[in-house]
Amino acid sequence: GQAPGVSRVFSAAASAAASVAYRMESVVACTLRGHAGFVLALCACADRWLCSAGGDGALLLWRRVDSGAAEESAEACPESPAKLARGGGKCALALEHMICAHDGAVLCVAFHERRALLLSASADATVRVWDASVPADAPFSLRSLQGHDAAVTSLAVTDEMIVSGSADGGVRVWSADTL
C-alpha cells in the first residue's frame, strides 16, 4: 500500500531504465534496469504488471512485490544485457517476464482491460497482440497486425477498438472483438 494522497508516477527516459517516483515526495524511489536500449514506453496492465518497452525490441513486465521479497530474474532476450533488472532503494517492483516482442524497437504499448490484451507497436511496422488473461503466465502472442508501411508510433484503446498510427501517415482501426 501507499500513503493517502501519494501517487506513483512512471516515467520513460532516453536511457535503459524505467524510474518509479512518488509525486508528493518528488524523489526517485528506485530505478528498474533490464533493457539494452532506450525505454520508450510504459503502460499499466490492470493491477498485475507495469510493462516497459524498449529500443531492444523487448517488453519487460514488472510485478509488485513485498518490500522484503527477493527479486527474480527472467530469461534474457539476445539483445538484452546479461545483468537483468535490479531495483534499488525502496522499490516494490521486480522483473517477472521478459518477452522478445519485435524485430525493431517497441515504440508504444497499451493494455485492453476487458479482453486482457497487451498490445505492442514497433519500428518493424507491426502491432503485436498478446494474451495476458492468465495472471501466472507470461503473455503469449495471439497475432501480428500488419498493414502499416512504416513504424507504428502510437496506439489507442477503447472497449470496442484498437487504433494504431504510423509514420506512413496512416491510422488503422481494428475491432477488439476480432483479435
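What comes next concerns the included structure. (Residues numbered from 1 in each chain as written. Predicted model: local features only at pLDDT ≥ 70, side-chain atom pairs only at ≥ 80, totals over all residues. Heavy atoms only, no water.)

**Structural notes on the overall build of the protein chain**
Keep this limit in mind: A run of H or I in DSSP counts as a helix once it spans at least four residues, and a run of E counts as a strand once it spans at least two, with each numbered from the N terminus. Exposure is judged per residue with a 1.4 Å probe applied to protein chains only, and the accessible area is read against the type maximum: over 50% gives exposed, under 20% gives buried, and values in between give partly exposed. Any two residues whose heavy atoms approach within 4.5 Å are treated as being in contact. Surface exposure here means Shrake-Rupley accessible area, sampled with a 1.4 Å probe, where a residue is shielded only by the protein chains that are shown.
The helix and strand inventory of the protein chain stands at 0 helices and 14 strands. Along the protein chain, from the amino end to the carboxyl end, the secondary structure elements read β-β-β-β-β-β-β-β-β-β-β-β-β-β. Scored against the burial criterion, the 179 residues of the protein chain give a buried share of 45%. Restricting the contact set of the protein chain to residue pairs at least 6 apart, pairs at least 24 apart contribute 43%. Counting every atom, the protein chain has about 8,700 Å² of accessible surface; 51% of that belongs to carbon and sulfur.

**Some points on the sheet that holds strand 14 (residues 171-175)**
As a reminder, the rule being used: Here, strands pair whenever DSSP counts at least two bridges between them. Whenever a helix is involved, its axis is fitted only over the stretch in contact; in every case the axis is a line through C-alpha atoms, and angles between N-to-C directions fall within 0 to 180 degrees.
Spatially, the 3 strands line up as an open sheet ordered 12-13-14, and their pairing is antiparallel. For this open sheet the edge positions go to strand 12 (152-157) and strand 14, each flanked by a neighbour on one side alone. Each adjacent strand pair in this sheet contributes to an overall mean axis angle of 20 degrees, direction not counted.

**With respect to the pairing of strand 5 (residues 49-54)**
In the case of a regular strand, side chains alternate between the two sheet surfaces. Among the 6 residues that make up strand 5, 6 are buried, leaving the element largely enclosed by the rest of the structure. Along strand 5, one buried face is formed by Trp 49, Cys 51 and Ala 53 and the opposite face, lined by Leu 50, Ser 52 and Gly 54, is buried too. The pairing of strand 5 with strand 6 (residues 58-64) spans 5 bridges and is antiparallel. Looking at the pairing, Leu 50 lines up with Trp 62 of strand 6. Hairpin connection of strand 5 to strand 6: 3 residues between the antiparallel strands, including Gly 57 at a positive phi of 80 degrees.

**Regarding the nonpolar core**
Quick reminder of the rule: As used in this record, nonpolar core signifies buried Ala, Val, Leu, Ile, Met, Phe, Trp, Tyr and Cys residues forming a set joined through side-chain atoms within 4.5 Å.
Among the nonpolar cores identified, the biggest contains 17 residues, and Cys 43, Cys 45, Cys 51, Leu 59, Val 109, Phe 111 and Leu 118 are the most heavily contacted of them. Put simply, the parts of the chain that give this core at least two residues each are strand 4 (39-45), strand 5, strand 6 and strand 8 (106-112). Look past the residues within four positions of Cys 43 in its chain and what remains in contact with it is Trp 49, Leu 50, Cys 51, Val 109, Ala 110, Phe 111 and Leu 118. Core analysis: the next-biggest nonpolar cluster, separate from the first, contains 14 residues, Ala 121, Val 127, Val 129 and Leu 145 among them.

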